[in-house]
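# Analysis of the macromolecular model
Below are the chains, spelled out letter by letter.
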Amino acid sequence: MQAPDVNAFLRHHIRTVPDWPAPGVQFRDITPLLQNPQVFHVLVDAFVHRYMGRDMRPDVVAGLDARGFIIGAVIAYQLKVGFVPIRKKGKLPFTTVEETYELEYGSATVELHADAVKPGDRVLVVDDLIATGGTMMAGKKLLEKLGATVMEGAAIVDLPELGGSQRLRDAGLPLFTLVDFSSH
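An unreviewed UniProt entry lists the protein chain under the name Adenine phosphoribosyltransferase, with Comamonas odontotermitis as the source organism. UniProt, in the comment section headed Pathway (unreviewed entry), describes the protein chain in these words: "Purine metabolism; AMP biosynthesis via salvage pathway; AMP from adenine: step 1/1."

### Some remarks on the overall build of the protein chain
The number of helices and strands found in the protein chain is six helices and nine strands. Taken against the 2.2 N^0.38 rule, which gives 16 Å for 184 residues, the C-alpha radius of gyration of the protein chain at 16 Å falls within 12% of a compact globule. Summarising its shape, the C-alpha atoms of the protein chain cover approximately 40 × 40 × 30 Å along the three principal directions. The burial tally for the protein chain puts 47% of its 184 residues in the buried class. Across the protein chain, contacts joining residues at least 24 apart in sequence account for 58% of those joining residues at least 6 apart.

### So, the pattern of salt bridges
Once the charged atoms of two side chains with opposite charge are near each other, the side chains can pair. Under the counting rule described, the total for this entry stands at nine salt bridges. Linking D29 and R15 is a salt bridge whose minimum nitrogen-to-oxygen distance equals 2.9 Å. Of this pair, D29 sits in strand β2 (residues 26–29) while R15 sits in strand β1 (residues 15–18); the two residues are 14 residues apart in sequence, bridging distant segments of the chain. On the basis of relative accessibility, which here comes to 14%, the residue D29 falls in the buried class. Judged by relative accessible area, R15 falls into the partly exposed class, the value being 40%.

### What to know about the sheet that holds strand β6 (residues 106–113)
The strand order across the open sheet formed by seven strands is β5-β6-β4-β3-β7-β8-β9, and the pairing between neighbours is mixed. Sheet topology places β5 (96–103) and β9 (175–180) at the edges, where each strand pairs with a single neighbour. Here the average twist between neighbouring strands, direction ignored, is 20°. Summarising the sheet, strand β7 (residues 122–130) and strand β8 (residues 149–158) pair through eight bridges and their orientation is parallel. Across the sheet, the residue bridging to L129 is V157, located in β8.

### A look at the layout of surface pockets
Approximately 1300 Å³ is the volume attributed to the largest pocket. Lining of the largest pocket is provided by 40 residues; of these, L129, A131, T132, L159 and L162 occupy positions nearest its centre. Mapped by element, the contributors of at least two residues to the lining of the largest pocket are β2, β4 (82–88), β5, β6, β7, α5 (134–145) and α6 (164–170). Of the residues belonging to the lining of the largest pocket, the class tally is 23 nonpolar, seven polar and ten charged.

### As for the nonpolar core
For soluble globular proteins, the rule of thumb is that nonpolar side chains tend to be buried together. Counting residues in each nonpolar core, the largest one holds 30 residues, and the members touching the most others are F47 and I156. Ranked by residues supplied to this core, first place goes to helix α3 (residues 37–51) with seven residues. The contact partners of I156, leaving out residues within four places of it in the chain, are I14, I30, L33, L43, F47, I71, D127, D128, T177, L178 and V179. Core analysis: the next-biggest nonpolar cluster, separate from the first, contains 27 residues, V125, I130, A138 and L175 among them.

### As for the packing of aromatic side chains
Note on aromatic pairs: each is described by the distance of the centres and the angle between the planes. Tallied over the full model, the rule gives four aromatic pairs. Aromatic pair W20 and F27: ring centres 4.9 Å apart, planes at 80°, arrangement edge-to-face. Ring geometry for F69 versus F83: centroids 6.4 Å apart, planes at 85°, classification edge-to-face. Of the two residues, F69 is situated in helix α4 (residues 67–79) and F83 in strand β4; the sequence distance between them amounts to 14 residues. Residue F83 is classed as partly exposed on the basis of its relative accessible area, which comes to 28%. Cluster of aromatic residues (ring-pair linked, three or more members): F47, Y51 and F176. A cation sits over an aromatic face here: R11 above F181, 4.5 Å from the ring centre.

Basis of the calculations
- Residues numbered from 1 in each chain as written.
- Predicted model: local features only at pLDDT ≥ 70, side-chain atom pairs only at ≥ 80, totals over all residues.
- Heavy atoms only, no water.
- UniProt positions renumbered as here; feature names shortened; annotations may be inferred.
- Helix = DSSP H or I, 4+ residues; strand = E, 2+ residues; numbered from the N terminus.
- Rg over C-alpha atoms; globule rule 2.2 N^0.38 Å.
- Buried < 20%, exposed > 50% of the residue type's maximum accessible area, 1.4 Å probe, protein only.
- Contact = heavy atoms within 4.5 Å.
- Salt bridge = Lys/Arg side-chain N within 4 Å of Asp/Glu carboxyl O.
- Pairing = 2+ DSSP bridges.
- Axes fitted to C-alpha atoms, helices over the stretch in contact; angles between N-to-C directions.
- 1 Å grid on protein atoms, 1.4 Å probe; cavity = no way out; pocket = protein on both sides within 12 Å on 5 of 7 lines; lining within 4 Å.
- Points joined across faces, edges and corners; volume = space filled by probe spheres on them.
- Nonpolar A, V, L, I, M, F, W, Y, C, P; charged D, E, K, R; others polar.
- Core = buried A, V, L, I, M, F, W, Y, C linked by side-chain atoms within 4.5 Å.
- Phe/Tyr/Trp six-rings, centres within 6.5 Å; stacked < 30°, edge-to-face > 60°.
- Lys NZ or Arg CZ within 6 Å of the ring centre and 35° of its normal.

Here it is, written out as structure tokens:
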């Protein structure tokens, strides 16, 4: 978790949309963080400052489809490292590896180009939020299939009541999040 002042500042700019996409869901909308240049700068800097030191610096940043692309690409650019997208099935044009994971009702599959990372690469996996953890876990497995080491998972928002962050930690993935919406 980030310093309380940054946490509070970012939290203030996350919009809660009640009953979307279904009744009873409190959707955490990060688009206001991206719309305001000052807020977007604070958001990106919070991640970049964490990963700029030698012991925390990744070789590659992987962004999860689709909002993880926005933050992940900017973090990679600022750190001067490569960026790779982990996409929903059928969106990548080259040879891919895939991982299927369970959703509340059904399953989903994500893919990664087979040459996206090299064995031994240290990879940071980025997404907008952690809910059930399924997408980030699938991304981790894909990267490990290619021989990379997933050093950490990072997200703007953690929804710990949905159990994803705990499942990811239990699976050995360290996590860094900026805003926690527990008990809300």
